[in-house]
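Chain and residue survey
Chain by chain, the residues run as shown.
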Amino acid sequence: MLGMSVERLAELVVARRPCVVLTGAGISTESGIPDFRSPTGVWAQYDPMEYATIDAFLEDPVKVWDFYGKRLALLDDAQPNDGHRSLAELEDRGWVRAVVTQNIDRLHERAGSRALVEVHGSIRTSSCLACGTVVPFAEVVALLPVPACPSCGRILKPDVVMFGELLPEAAIERATQLAAAAGVLLVVGSSLEVYPVAGLPLETLAAGGSLAIVNRGSTPLDARASVTIDGGAGEVLRALADALPERP
Ligand code: NAD
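A quick note: this is a predicted structure, and the numbers were derived from the prediction, not measured.

1. Side note on the pattern of salt bridges
- Taken as a whole, this structure holds 12 salt bridges when the rule is applied.
- Measuring nitrogen to oxygen at the nearest pair gives 3.7 Å for the salt bridge that ties Lys70 to Asp66. Here the residue Lys70 and the residue Asp66 both occupy positions in helix 4 (residues 61-77), the gap between them amounting to 4 residues, near one helical turn.
- With a shortest N-O distance of 3.2 Å, Glu109 and Arg124 are connected by a salt bridge. Note that Glu109 is positioned in helix 6 (residues 107-111) and Arg124 in strand 4 (residues 121-127), a separation of 15 residues in sequence.

2. Description of the packing of aromatic side chains
- Applying the stated criterion to the full structure yields 4 aromatic pairs.
- On the basis of an interplanar angle of 55° and a centroid distance of 4.8 Å, the ring pair of Tyr46 and Phe67 is categorised as tilted. A residue pair is termed long-range when its members are at least 10 positions apart, and Tyr46 in the loop between strand 1 (19-23) and helix 2 (48-51) and Phe67 in helix 4 qualify at 21 residues.
- Classification of Tyr46 by relative accessible area gives partly exposed; the value is 23%.
- Plain terms: the ring middles of Trp65 and Tyr68 are 5.3 Å apart, the flat faces sit at 85° to each other, and that makes the pair edge-to-face. Here Trp65 and its partner Tyr68 are both found in helix 4, 3 residues apart, which amounts to about one turn of the helix.
- Judged by relative accessible area, Tyr68 falls into the buried class, the value being 6%.

3. Here we look at the environment of Glu30
- Structurally, the position occupied by Glu30 is in the loop between strand 1 and helix 2.
- Taking the relative accessible area as the measure of exposure, Glu30 reaches 41% and is therefore partly exposed.
- Separated by 12 residues in sequence, Glu30 and Pro18 have C-alpha atoms that sit 27 Å apart.
- For Glu30, the residues in contact, after removing those within four places along its chain, are Asn81, Gly232, Ala233, Gly234 and Glu235.
- Engagement of the side chain of Glu30 in a polar contact is seen with the backbone nitrogen of Gly234, the distance being 3.2 Å.

4. With respect to the site of the ligand
- Taken together, 27 residues lie around the ligand, and Glu30, Gln102, Asp105, Ser191 and Arg216 are the ones closest in.
- A distance of 2.7 Å separates an oxygen atom of the ligand from a polar atom in the side chain of Ser190.
- Ala233 is positioned with one of its backbone polar atoms (N or O) 2.9 Å from a nitrogen atom of the ligand.
- Protein contacts shield 92% of the accessible area of the ligand, which totals 850 Å² for the unbound molecule.
- Split by residue class, the shell around the ligand holds 7 nonpolar, 14 polar and 6 charged.
- Composition of the shell around the ligand by domain shows at least three residues from each of domain 1 (1-33 + 80-120 + 166-248) and domain 2 (35-77 + 123-160).

5. Comments concerning the sheet that holds strand 5 (residues 134-136)
- Strand order in the open sheet made by the 3 strands is 5-4-6, with antiparallel pairing throughout. Of all the strands in the sheet, just strand 5 and strand 6 (157-160) have a single pairing partner and so form its edges. Sheet twist, expressed as the average angle between the axes of neighbouring strands with direction ignored, equals 45°.
- By the bridge criterion, 3 bridges tie strand 4 to strand 5 in an arrangement that is antiparallel. When the bridges of strand 5 are listed, Ser126 appears paired with Val135.
- Across the face of the sheet, helix 4 comes into contact with strand 4 and strand 6 while running at roughly 125° to strand 4.

What counts and how
- Residues numbered from 1 in each chain as written.
- Predicted model: local features only at pLDDT ≥ 70, side-chain atom pairs only at ≥ 80, totals over all residues.
- Heavy atoms only, no water.
- Salt bridge = Lys/Arg side-chain N within 4 Å of Asp/Glu carboxyl O.
- Helix = DSSP H or I, 4+ residues; strand = E, 2+ residues; numbered from the N terminus.
- Phe/Tyr/Trp six-rings, centres within 6.5 Å; stacked < 30°, edge-to-face > 60°.
- Buried < 20%, exposed > 50% of the residue type's maximum accessible area, 1.4 Å probe, protein only.
- Contact = heavy atoms within 4.5 Å.
- Polar contact = N/O pair within 3.5 Å; in protein donor to acceptor, adjacent residues only side chain to side chain.
- Near = heavy atom within 4 Å.
- Areas by Shrake-Rupley, 256 points an atom, 1.4 Å probe, with all protein chains shown as cover.
- Nonpolar A, V, L, I, M, F, W, Y, C, P; charged D, E, K, R; others polar.
- Domains from an automatic or database assignment.
- Pairing = 2+ DSSP bridges.
- Axes fitted to C-alpha atoms, helices over the stretch in contact; angles between N-to-C directions.

Put into structure tokens, the structure is as follows:
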């Protein structure tokens, strides 16, 4: 069953290059990082309105850092899995033009992806909203549990996009260009429920490109996809890399 649909996906990628990949939390669950919307996800335990909005952060940064500090440790321990590795390999082999990710975990970068657009920021740095000082991950970890700006003392904000914040403009612009120019947009491990990123597949379709979705569970765009595979990201992407010719 899986073999047949992976074969169809490979045929689509061959026929409709270039391929741009859009990933979500589902590609990192096999690395031990819970996603958001599954029953075992982060939001089943923590109310996002209390911990992940910019207003919550401004009101009570100590409380948000209590949540976020634990998450940072988990994210830092995690290792890239077959899904991240297969995408880096497919980029090297000339099949994947770029990866657009909603994830903040840096696992694509650590797996070797080079053309990477992080539309929700990353844990790589935190910044001071008062004086603009940017502090790298290792220093932030050393400043936990409540990291204060080394220059002015205000509590730092992680450089990840919180609910209620705008996306980094250059990143979403680049992602939109990539989606519109994609022959095929391959969505991996995203519920496609968070906008504006969930609108990227519509850019591809409007420009005449095709959509493929690899996700456990359904998404609102399944009916518009040429291929949908309900399977684990690591296994499916490994099989896709094996099914494609070495190079285009
Ligand atoms: P989401 O939680 O809404 O959806 C994840 C989807 O992946 C679900 O449909 C789930 O069934 C599926 N899934 C889970 N494990 C899978 C696997 N092994 N293989 C295939 N599919 C799998 O996540 P999303 O769409 O990325 O939601 C958006 C928000 O979550 C984003 O803002 C993102 O920044 C944030 N997020 C990031 C991380 C991370 O950096 N690793 C983790 C959690 C959430």
